[in-house]
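Summary of the model geometry
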Amino acid sequence: MKKIVLAVLLTLCFSNAFAGIDEGIDAGTKNLFVYGGSAYPYALELNGVETEYGSLGYAFGAQFVYNSKDWLGLGLDFNYSKADDNLTSTGDTTKSQMWTGMFMMKIYLYPEEGVRFYLPLYGGFGNAKISSSGTTNLNSTETGLAAGTGLGIDFDLNDMWILGVEFRFTRMFIDSFGANKLNNDFDYSNGLIKLGYKF
């Protein structure tokens, strides 16, 4: 699978260089992205006990970006991440999920190029839910501030379409789930494939 993804990325890098398309970012343009990919929840320490609340799962979302300058995009991002069920050593089944709605900044490196890296910065609100069944029964939801960052790369497919890949790390700043004290933050990471429209 990794070889296939690498082959696609290399093909895009070389093909758009000879396609005569309008490459790069222009100030005043807008992009609309939809995306999907993987979601991974980090272990939580509740009441002094570290537990994996879920395993590798899925994510999807959408974002709108206004390129105020050729090197800077500003916008909104909405993300849903859900972990698959995890079976703990004590026989409990644990799971978690997270919604976020965040403002974003997208800082482009080499914005004039058809293939360009970018640094995303996110800040806003999130809603986290965890549950456990078996020897320990828990079902709790919390809302709080959220922030994220990562690294991405965009490829101009033609004058209208963009293909992107992004790794993202998101943290929710909450200190408890119900009456259960949380000794660390609620963290997720995402590996995303994005399709964008330029207008």
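Cut-offs used in this document
- Residues numbered from 1 in each chain as written.
- Predicted model: local features only at pLDDT ≥ 70, side-chain atom pairs only at ≥ 80, totals over all residues.
- Heavy atoms only, no water.
- 1 Å grid on protein atoms, 1.4 Å probe; cavity = no way out; pocket = protein on both sides within 12 Å on 5 of 7 lines; lining within 4 Å.
- Points joined across faces, edges and corners; volume = space filled by probe spheres on them.
- Helix = DSSP H or I, 4+ residues; strand = E, 2+ residues; numbered from the N terminus.
- Nonpolar A, V, L, I, M, F, W, Y, C, P; charged D, E, K, R; others polar.
- Core = buried A, V, L, I, M, F, W, Y, C linked by side-chain atoms within 4.5 Å.
- Buried < 20%, exposed > 50% of the residue type's maximum accessible area, 1.4 Å probe, protein only.
- Contact = heavy atoms within 4.5 Å.
- Phe/Tyr/Trp six-rings, centres within 6.5 Å; stacked < 30°, edge-to-face > 60°.
- Patch = residues over 30% accessible without salt bridge, like charges linked within 9 Å, V, L, I, M, F, W, Y side chains within 5 Å.
- Areas by Shrake-Rupley, 256 points an atom, 1.4 Å probe, with all protein chains shown as cover.
- Salt bridge = Lys/Arg side-chain N within 4 Å of Asp/Glu carboxyl O.
- Lys, Arg positive; Asp, Glu negative; His and termini not counted.
- Charge placed at Lys NZ, Arg CZ, Asp CG, Glu CD.

1. Focus: the layout of surface pockets
Space inside the largest pocket adds up to approximately 240 Å³. For the largest pocket, the lining is made up of 15 residues, of which Val49, Thr51, Tyr53, Asp92 and Thr136 are closest to its centre. Sort the elements by how many residues they give to the lining of the largest pocket and strand S3 (residues 49-51) lands first, with three residues. Here the residues of the lining of the largest pocket sort into four nonpolar, nine polar and two charged.

2. With respect to the nonpolar core
Among soluble globular proteins, nonpolar side chains are generally buried collectively. One finds Leu44, Leu46, Ile130, Met172, Ile174, Phe177 and Phe186 to be the most contacted residues of the largest nonpolar core, which totals 28 residues. Elements that contribute at least two residues to this core include exactly strand S1 (30-41), strand S2 (44-46), strand S4 (55-69), strand S7 (93-108), strand S8 (115-133), strand S9 (138-156), strand S10 (161-173) and strand S13 (186-198). Excluding residues that lie within four positions of it along the chain, leucine 46 makes contacts with Tyr53, Ile130, Leu138, Phe177, Asn180, Lys181 and Leu182.

3. Remarks on the packing of aromatic side chains
Scanning all chains against the criterion turns up ten aromatic pairs. Pairing phenylalanine 60 with tyrosine 80 gives two aromatic rings, centres 5.4 Å apart and planes at 50 degrees, and the pair type is tilted. Within this pair, whereas phenylalanine 60 is found in strand S4, its partner tyrosine 80 is found in strand S5 (residues 72-84), the two being separated by 20 residues in sequence. According to the relative accessible area criterion, phenylalanine 60 is partly exposed, its value standing at 43%. Judged by relative accessible area, tyrosine 80 falls into the buried class, the value being 9%.

4. Re a negative patch on the surface
The grouping of Asp26, Asp70, Glu112 and Glu113 at the surface amounts to a negative patch. Its location among the elements puts glutamate 112 in the loop between S7 and S8. For glutamate 112, a relative accessible area of 48% corresponds to the partly exposed category.

5. Brief notes about a nonpolar patch on the surface
A surface patch of nonpolar side chains, about 420 Å² in accessible area, is lined by Val34, Leu157, Met160, Trp161 and Leu195. Within the secondary structure, leucine 195 sits in strand S13.

Just geometry here; none of it tells us what the structure is for.
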